[in-house]
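A closer look at the structure
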Protein chains: 2
Amino acid sequence: MSNNEQENRISQAIVSRLPRYLRYLTELETDGVERISSRELSSIMRVTASQLRQDLNNFGGFGQQGYGYNVSYLRDEIAKLLGMNDEHFLVIIGGGRFGKILAKNMNFNNSGFVLKGIFDNDEAVIGTDIDGHIVMSMDKLSDFVRENRIEIAVLTIPKESAKAVANGLCRTGISGIWNFSHTDLDMPDNIQVENVHLSDSLMRLSYRINEYRKNHAG
Amino acid sequence: MSNNEQENRISQAIVSRLPRYLRYLTELETDGVERISSRELSSIMRVTASQLRQDLNNFGGFGQQGYGYNVSYLRDEIAKLLGMNDEHFLVIIGGGRFGKILAKNMNFNNSGFVLKGIFDNDEAVIGTDIDGHIVMSMDKLSDFVRENRIEIAVLTIPKESAKAVANGLCRTGISGIWNFSHTDLDMPDNIQVENVHLSDSLMRLSYRINEYRKNHAG
């Protein structure tokens, strides 16, 4: 179990870097760059060349010894790994301020994420129009997810109701939860959870500021 | 250099878990739990007991063999590590939709982050009131940061202007940047950067959904 966790962590770290590789490669492609060496690419991305090669070797390499990487090819392969070549249908649960922002910005760079519906349990919010979506009542959620092949539920509701809503989603065939609620969710293996805890991120920043001060005091 | 990167990555992984430890310990404290074994705490947190002990040993341990952890003491020590016992003054740069949301929710659980000002370069936004803060013009930013001992700048501006604004902040004595702009920033060592790329997070989720399907197909 400890070994499995170790392996799992390593692959998570690599996966964490893939979206960043994709971002840089998309910019290079847009700039008309056709071919790039691992040295150049790693320098732009501020990782070591060996780190870059090691990361990409996990997925079969993609490079030709001495010829570097074909930018468009590498970009497409990473996009495929990240599932960016398929459409992904989403619902947002929680039509509050944050849900609204996500609704308006969901299709990041046309990356294939398609918002299909927004749900809320507040009578004052149900029926209102958010960016072309009429907010639906929570009691319609399960049927909607089943009938519209929804893959991902985006949770932007308070933590008090997040666990109950997530549990209700277990039986709908949903594949993933993008969780902005300030609590960890306990889901079965067939439902992937990605947590976004903004306050955790701010605390990591504060920690690193503290550390820098300690190491450079006096 | 490769070794340094390795060490740095390991410690980043531990740091990443600290805010989560803090969240769980705060809940336990609120629930009146005074003492907890590493086995119980690790089970609640879904890490192995050895992982938990290993993580905490990096900071001196905090536990007594056979007695487990004193919840309040451990919570306070982790809060101290994360710099939560001090006040941190922030400014938000970018008074758009996302800046507004952050402004209203900045003081997560009274964790010591204090918003001191909001800046924008849009004449239509400057002078408006966001949650009690009158939005100031960008040309006042540098003086304001210096005079008000601002530690952290929160960037919620488009990526086109993010790099220039970040570079301008280098000479103001700022300690950290919480970066919501969709670009990586290249800052000197004395300025810590924490990036929040929401689309990267959504892509990681999409990757894990894909992987699960591949491994459980047919």
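Residues numbered from 1 in each chain as written. Chains lettered and ligands numbered in written order. Predicted model: local features only at pLDDT ≥ 70, side-chain atom pairs only at ≥ 80, totals over all residues. Heavy atoms only, no water.

**Thoughts on the relation of the copies chain B and chain A**
- Aligned on chain A, chain B shows an RMSD of 0.1 Å; the corresponding rotation is 180 degrees and the shift along the axis is 0.0 Å. The superposition of one copy onto the other is thereby described by a two-fold rotation axis. Among all residues of chain B, the one whose C-alpha sits closest to the rotation axis is Phe98 of chain B, at a distance of 4.2 Å.
- Taken together, the interface assignments show that 100% of the residues at the interface of chain B recur at the interface of chain A, consistent with an identical surface on both copies. (Least-squares fit on C-alpha atoms with pLDDT ≥ 70 in both. Contact = heavy atoms within 4.5 Å.)

**Regarding the interface of chain B and chain A**
- Opposite the 72 residues of chain B that make contact, chain A presents 72 residues.
- Between chain B and chain A the total buried area reaches about 6,400 Å² when both faces are included, carbon and sulfur atoms providing 58% of it.
- Counting across the interface, chain B meets chain A through 16 salt bridges.
- Along the contact surface separating chain B from chain A lie 26 residue pairs in polar contact (both at pLDDT 80 or more).
- Of all the elements in the fold, those that place two or more residues in the side of chain B that touches chain A are helix H1 (2-30), helix H4 (71-81), strand E3 (88-93), helix H5 (97-104), strand E9 (176-179), strand E10 (192-195) and helix H8 (198-215) of chain B.
- Of all the elements, H8 of chain B adds the most residues to the side of chain B that touches chain A, at 15 residues.
- Residues belonging to the side of chain B that touches chain A are distributed by class as follows: 31 nonpolar, 20 polar and 21 charged. (Buried area = accessible area lost by both parts, 1.4 Å probe. Salt bridge = Lys/Arg side-chain N within 4 Å of Asp/Glu carboxyl O. Polar contact = N/O pair within 3.5 Å; in protein donor to acceptor, adjacent residues only side chain to side chain. Helix = DSSP H or I, 4+ residues; strand = E, 2+ residues; numbered from the N terminus. Nonpolar A, V, L, I, M, F, W, Y, C, P; charged D, E, K, R; others polar.)

**Focus: the pattern of salt bridges**
- The tally for this structure, following the rule as stated, stands at 28 salt bridges over all chains.
- Of the charged contacts, one joins Glu29 of chain A and Arg75 of chain A as a salt bridge, the two residues approaching to 3.6 Å between their closest N and O atoms. In this pair, Glu29 of chain A sits in helix H1 (residues 2-30) while Arg75 of chain A sits in helix H4 (residues 71-81), placing the two residues 46 residues apart along the sequence.
- For Arg75 of chain A, a relative accessible area of 19% translates into the label buried.
- Taking the shortest distance from any N to any O, the salt bridge between Glu194 of chain A and Arg208 of chain B comes out at 3.1 Å. With one member in each of two chains, Glu194 of chain A in strand E10 (residues 192-195) and Arg208 of chain B in helix H8 form a pair that bridges those chains.
- Residue Arg208 of chain B is classed as buried on the basis of its relative accessible area of 15%.
- The network of salt bridges with shared partners includes Arg20 and Arg23 of chain A together with Asp184 and Asp200 of chain B. (Buried < 20%, exposed > 50% of the residue type's maximum accessible area, 1.4 Å probe, protein only.)

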